[in-house]
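# Secondary and tertiary structure notes
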Amino acid sequence: MLDLFRKRRMWRPRPDLKRRYDVVIVGGGAHGLATAYYLRQRGITDVAVLEKSYIGSGAAGRNTTILRSNYQTAEGARFYEESLRLYEGLSVELGYNLMFSQRGHLTIAHNDRSEAILAERAGVNRLLGIDSRMIGREEIKRLAPPMRLSPDALHPVRSALYHPPGGTIRHDAVVWGLARGADRGGAEIHPHTEVTGIERSNGRVTGVETSRGHVAAGAVVSCAAGWSTRVAALAGVPLPITTHILQAFVTEPLKPLLDVVVVSADLHVYISQTDRGEFLVGAEIEPWTTYRQQGTLNFLEEASRHTLELFPQLERARMLRSWAGLCDISPDYSPILGTTEVEGFLISSGWGTYGFKAAPIVGATLAELIDTGRVPALIEPFSLERFYRDELVSELAAAATSH
């Protein structure tokens, strides 16, 4: 029986901490685990992933599972397109079903302004070879039959940006699959191990202090999502980031009605139906900064009202549960990724509501940076230095609604 239990474990039990690792990763979510996994592919296996709670307890376990690459800036669109490409093959690569469903992604336009913005995004996407185009009401009706398309609606649907490769993937499956892949490559996964300090010497990171003692390190990577500013501050690196909460809820399971992800930038709501039949509803980040992951009645009222404007047949559906997660927002709504002023201290931060979509490419590019010492061209635009050089990558136009 013990042998059977060992075979069924996703990863090894937490070992004792060694005194030193080549790479210490702070954060046991999708980004931290992806980094450990792709380091394995480059032959770097002396790696520790430190998570202050359980694996996947942060943003990786509190998102809404949506994937897409139809962003506004060329830098962002290229980056997320590469991440989507990696996601497409990740189930086979990991040998674990991540339940990836490329069901398509619709961003609805209700007025002239939103139509113009979406048409501009479609143009940027097409120039980059990304499958994304404007469609009219007839095609919207074909893709999302239950959606209310009446011209006398309070916010009538006029057109939409359609992104066929977009879709959903099971968030906890991504965490488990990456954790298992990293573990099989030799990385050690240490849940319930909080990093309380980051040690530096002569401008270089040398190790971390944890709730289980001191650990020396050749490199330290912060993948702490909403806690990015606090972790970076331990290394003496200030980040231009504010932390907000993002909320979502699901209804009771219903018969399959909706095959596509629906987003309304004007109503600030996004809707999909899960593989279990639940309608998943999210909105925009809350405008105040906080670390308190507690839902609000205001969100439930507003998100429900806007959902019913698009899908009135859900009026009697019962709400099953709701949750909130932390989002680290940068000034230009683009990530901060790569090196810092402290040699050997790398960061993955500023993701806002986009982080889960980026997990594979974050892991691949950070692993390349650690291995070669050179910043990959794909992430050069997202360096921390851009805020000092005034070279922002404004993704705000693609963030009118978080997904």
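Structural data are supplied above this passage.
The sections below set out a description of the structure shown in this document. (Residues numbered from 1 in each chain as written. Predicted model: local features only at pLDDT ≥ 70, side-chain atom pairs only at ≥ 80, totals over all residues. Heavy atoms only, no water.)

This brings us to unusual backbone geometry. Positioned with a positive phi, asparagine 202 is a non-glycine residue whose angle comes to about 55°. Within the secondary structure layout, asparagine 202 lies in the loop between strand S9 (195-201) and strand S10 (204-210). Relative accessible area serves as the criterion here: at 81%, asparagine 202 is assigned to the exposed category. One non-glycine residue with positive phi stands out, namely histidine 268, at about 55°. If you trace the backbone, histidine 268 turns up in the loop between strand S13 (261-264) and strand S14 (269-273). Look at histidine 268 and you get partly exposed, because its relative accessible area is 36%. (Helix = DSSP H or I, 4+ residues; strand = E, 2+ residues; numbered from the N terminus. Buried < 20%, exposed > 50% of the residue type's maximum accessible area, 1.4 Å probe, protein only.)

Per the counting criterion, the structure on display carries 0 disulfides. Here cysteine 223 is not disulfide-linked; the sulfur of cysteine 327 is the nearest cysteine sulfur, at 16 Å. Taking relative accessible area as the criterion, cysteine 327 reaches 4% and is therefore assigned buried. (Disulfide = S-S within 2.5 Å.)

Let us now look at helix H9 (residues 359-372). Turn by turn, an α-helix covers 3.6 residues, leaving residues three or four places apart pointing in a common direction. When the terminal C-alpha atoms of H9 are compared, their 20 Å separation across 14 residues agrees well with the 20 Å that a helix rising 1.5 Å per residue should span. Taken across its 14 residues, H9 has 10 buried, putting it largely inside the fold. Burial in H9 covers these residues: Ala359, Pro360, Ile361, Val362, Gly363, Ala364, Thr365, Leu366, Ala367 and Leu369. For H9, the elements touching its buried residues are helix H2 (30-41), helix H3 (74-94), strand S11 (213-222), strand S17 (336-338) and strand S18 (345-349). Two residues or fewer after H9 comes glycine 373, characterised by a positive phi angle close to 80°. (Expected span 1.5 Å × (residues − 1). Contact = heavy atoms within 4.5 Å.)

Moving on to the packing of aromatic side chains. Tallied over the full model, the rule gives 12 aromatic pairs. Here the aromatic rings of tyrosine 80 and tyrosine 354 are separated by 6.1 Å at their centres, their planes lie at 85°, and the arrangement is edge-to-face. Taken together, the residues tyrosine 80 in helix H3 and tyrosine 354 in the loop between S18 and H9 connect sequence positions 274 residues apart. Both residues of the pair, tyrosine 80 and tyrosine 354, count as buried. Relative to phenylalanine 311, the ring of phenylalanine 279 has its centre 6.4 Å away and its plane inclined at 55°; by these criteria the two rings are tilted. Within this pair, whereas phenylalanine 279 is found in strand S15 (residues 279-282), its partner phenylalanine 311 is found in the loop between helix H8 (297-310) and strand S16 (319-329), the two being separated by 32 residues in sequence. Judged by relative accessible area, which is 1%, phenylalanine 311 ranks as buried. Among the aromatic side chains, those forming a connected cluster through ring pairs are Tyr71, Phe79, Tyr80, Trp351, Tyr354 and Phe382. (Phe/Tyr/Trp six-rings, centres within 6.5 Å; stacked < 30°, edge-to-face > 60°.)

Here we come to the pattern of salt bridges. For the coordinates displayed, the defined rule picks out 21 salt bridges. Of the charged contacts, one joins aspartate 22 and arginine 20 as a salt bridge, the two residues approaching to 3.1 Å between their closest N and O atoms. By relative accessible area, aspartate 22 is classed as partly exposed at 37%. Given a relative accessible area of 43%, arginine 20 falls into the partly exposed group. (Salt bridge = Lys/Arg side-chain N within 4 Å of Asp/Glu carboxyl O.)

Quick look at the sheet that holds S16 now. The strand order across the open sheet formed by 8 strands is S5-S6-S4-S13-S14-S15-S12-S16, and the pairing between neighbours is mixed. The two strands at the open ends of the sheet, each matched to only one other strand, are strand S5 (133-135) and S16. Each adjacent strand pair in this sheet contributes to an overall mean axis angle of 25°, direction not counted. Sheet topology places strand S12 (residues 242-251) next to S16; 10 bridges connect them, and they run antiparallel. Across the sheet, the residue bridging to leucine 246 is glycine 325, located in S16. (Pairing = 2+ DSSP bridges. Axes fitted to C-alpha atoms, helices over the stretch in contact; angles between N-to-C directions.)

Another point: the environment of alanine 74. Structurally, the position occupied by alanine 74 is in helix H3. For alanine 74, a relative accessible area of 26% corresponds to the partly exposed category.

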